[in-house]
Structure formats: C-alpha cells, structure tokens
There are 2 protein chains.
Amino acid sequence: MTGSEHVTADVFAALASPVRRELTALLLSGPRSVNDLASHFEMSRPSVSEHLRVLRDAGLVSEERSGRRRLYRLEAEPLMEVSRWLSPYERFWRDRLAGLRELLNEDGDDHEH
Amino acid sequence: MTGSEHVTADVFAALASPVRRELTALLLSGPRSVNDLASHFEMSRPSVSEHLRVLRDAGLVSEERSGRRRLYRLEAEPLMEVSRWLSPYERFWRDRLAGLRELLNEDGDDHEH
DNA sequence: ACAATAGGTAGGAGATCTCCTACGTGTCAA
DNA sequence: TTGACACGTAGGAGATCTCCTACCTATTGT
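Quick caveat: nothing in here was measured; it's all calculated off a predicted structure.

Glancing now at the relation of the copies chain B and chain A. It takes a turn of 180° to lay chain B on chain A, together with a shift of 0.0 Å along the axis; the resulting RMSD is 0.1 Å. These values place the two chain copies in the arrangement generated by a two-fold rotation axis. Identified as the residue of chain B closest to the rotation axis by C-alpha distance is B:Ala16, at 3.0 Å. Taken together, the interface assignments show that 100% of the residues at the interface of chain B recur at the interface of chain A, consistent with an identical surface on both copies.

So this is what it looks like as structure tokens:
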C-alpha cells in the first residue's frame, strides 16, 4: 500500500508538462473552449486536445458540452491532493527554517554590543 | 516571461515519477546513502542512481560525500516553489468551497421547519 | 598492496511522450 | 440540406524515459 500515491500518481505526471500547467493556469479565470485555449499556443489544436485529455484523465479538468463547443473547467480535488501530498514537506522546511533562525539568534548573541 | 514557470519547470517533471516521489519521502527522515535508498526498491542500484541524478538536477536533493559513501539530503527550496505555484489554485478551490457552502445554506433556508 | 565496498557512467532495448497531418462526427446557420 | 465550424481520433515520426547489464573510479580495511 503506497497510501496517497494511488490518487496523486498521474496528477503529477499531468502537471509535468509546461503546456498542461499553462492550460490549468488559463482555466483559473473560468471555463474555456478548446479553440480559446488553443489560441494561446503555437501548437496545433489537436495537440492541445490531447493535452486536455491527459488533464481530464487525471481529473484536473472536466468537460461540459455546450452546443458544438466543449467547455473545459478546472477541478479542485486533484490540486487539493497535491497540497496534501506537500504537507509533510511543508513541516520539513518549517523545521529547517526554525533551525536556521535559532542558529542566527545564537550568532546574534555573540555579536551583541 | 513565463514567470514562475522557469524554476518550477523540471521540479514537476522530477516529481512525476512515483519512484522519485518515494525517494523524496524516504529522505524526509534525514540524509541517506544510495545503497540505503536502493534497498527500498526492486530495481537495480544504478537505476536508483539515475533517479537521484534527476532529483539533483531539479535541486530537490543535494549530495554530500562522506568517505566512500554519498549522503543524499532533501532540499526545501524546490518544494517551496511547488507550494507557491499551488497558491493561486488554493484560492481557486477556497472560492469554490465558499460557493458550495453558500448554496448549502440557501438549501438549508428552504428546508427550515 | 589487494580485495571488498560504494557508487557513478556507458550503451542499448523497449516503452512512452509529444507533436504533426489527415480524417470522422456532431452542431449550427442559411 | 449543405456548408462551415468545433472538436475528437487515428496513425506515425522522432524524441525522451526507464530500466537493464557491464564496467570504471575512489575509498576503506587487512
């Protein structure tokens, strides 16, 4: 049992591509159609479609059909999982920073005038 | 300028592999040697070395030579960058949850007895 | 000095990723 | 209905990833 690894698995893989991170960033401002999204990239529209499929498979976006267009919408859950995955590491670097501050305080004591 | 994309770039790619996420998890408890790390995997030690190289290139770990061993240590900075990358999305899902709560409250009003 | 230990590197096989162009499907407007 | 539009899918070329087995170097203990 790898615990949280199961769910987080392909979310990280999906976010590994700069194009897909840019897509999620574009969707922060609200749902958008494929052509709208594709217009922000140099690459062909079908390629953007494929990136959207990867994001969809990871649960990061959902699609809603509206006439002949499809609106892609950002989904929060997988991102919350990334946040949860990150939390032990947050504790880790907080401890590091705390240790650093302590060290600086000792140094400050030495140099008090 | 893609802003935060620059630094975050290969960090996400490095974390895309389950093996490498497992490696960083192992390093949470402190620095470890390569053999120590490799013993937790089915795969060959050279392959683990390669994964460590990817993590090192992303700045996620550093190596310290100690005799004939090399201790790998988790580095906080790249993880903090992931956290910073995540923060606009945190705002996004907080808004979503707030909207959901509001909806539930309205629903509660309808059902008051 | 020599064998054993710790670990990186080379080279390659096979899988996967990323992009393309062509083409198919559903929907709207005239 | 017919053409234009919005989008997905197929198939394939080339790059990259992931793992392996050699093999090499540096360090330690005897």
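Take the interface of chain B and chain A next. With 28 residues of chain B at the interface, the matching set in chain A holds 28 residues. Both sides together, the interface formed by chain B and chain A hides about 2,700 Å², and carbon and sulfur atoms give 70% of it. At the boundary of chain B with chain A, the tally comes to two salt bridges. Salt-bridge contacts for A:Arg96 lead to B:Glu75; the nearest nitrogen and oxygen are separated by 3.7 Å. Here chain B is connected to chain A by four residue pairs in polar contact (both at pLDDT 80 or more). Sorting the residues of the side of chain B that touches chain A by element identifies helix H1 (5-15), helix H2 (18-27), strand E3 (69-74) and helix H5 (77-110) of chain B as the ones contributing at least two each.

This paragraph deals with the protein's contact with DNA strand C. Near DNA strand C, the surroundings consist of 23 residues, among which A:Ser44, A:His51, B:Asn35, B:Ser49 and B:Tyr72 are the closest. Counting only atoms of DNA strand C within 4 Å of the protein, the sugar-phosphate share comes to 63%. At a separation of 2.5 Å, a phosphate oxygen of DNA strand C approaches a polar side-chain atom of A:His51. The contact in question runs from a phosphate oxygen of DNA strand C to an N or O atom on the backbone of B:Arg70, over 3.4 Å. At the level of secondary structure, the elements contributing two or more residues to the surface near DNA strand C comprise helix H4 (45-57) of chain A together with helix H3 (34-38), helix H4 (45-57) and E3 of chain B.

Turning our eyes to something else, we now look at the sheet that holds E3(B). Residues and elements named next belong to chain B. Here we have three strands laid out as an open sheet, ordered E1-E3-E2, and antiparallel in their pairing. The open sheet has two free edges, formed respectively by strand E1 (32-33) and strand E2 (61-66), since each of these has just one partner strand. Here E1 runs beside E3; their pairing, made up of two bridges, is antiparallel. Looking across to E3, one finds that Arg32 is bridged to Tyr72. Sitting on the sheet, H2 touches E1, E2 and E3, and the angle it makes with E3 is about 95°. Sheet strands touched by H4: E2 and E3. Its angle to E2, the strand with the most contacts, is close to 115°.

Analysis parameters
Every chain is numbered independently, its residues counted from 1 as its sequence is written. A letter from A marks each chain and a number from 1 marks each ligand, given out in the order of writing. Confidence filtering applies because this is a predicted model: local features only for residues at pLDDT of at least 70, side-chain atom pairs given and counted only at 80 or more, and all residues used for totals across whole chains, interfaces and linings. Processing note: side-chain calculations cover all non-hydrogen atoms of the structure and skip hydrogens and water entirely. Least squares is used to superpose the copies, and the fit set is the C-alpha atoms of residues whose pLDDT is at least 70 in both copies. In this analysis, two residues are considered to be in contact whenever any of their non-hydrogen atoms come within 4.5 Å of each other. Each of two parts loses accessible area, computed with a 1.4 Å probe, when they are put together; buried area is these two losses added. A pair is scored as a salt bridge if a Lys or Arg side-chain nitrogen falls within 4 Å of a carboxyl oxygen belonging to Asp or Glu. As used in this structure description, the phrase polar contact means that two N or O atoms lie within 3.5 Å; if the pair is within protein, one of them must be able to donate a hydrogen and the other to accept it, and residues adjacent in sequence are counted only when both atoms belong to side chains. The way it works is that DSSP assigns letters per residue, a run of H or I at least four long becomes a helix, a run of E at least two long becomes a strand, and they are numbered from the N terminus. A molecule or strand has a residue near it when one of that residue's heavy atoms lies within 4 Å. Paired strands, in this sense, are two strands between which DSSP finds at least two bridges. Orientation is described by lines fitted to C-alpha atoms, with helices fitted over the stretch in contact, and by angles between N-to-C directions that extend from 0 to 180 degrees.

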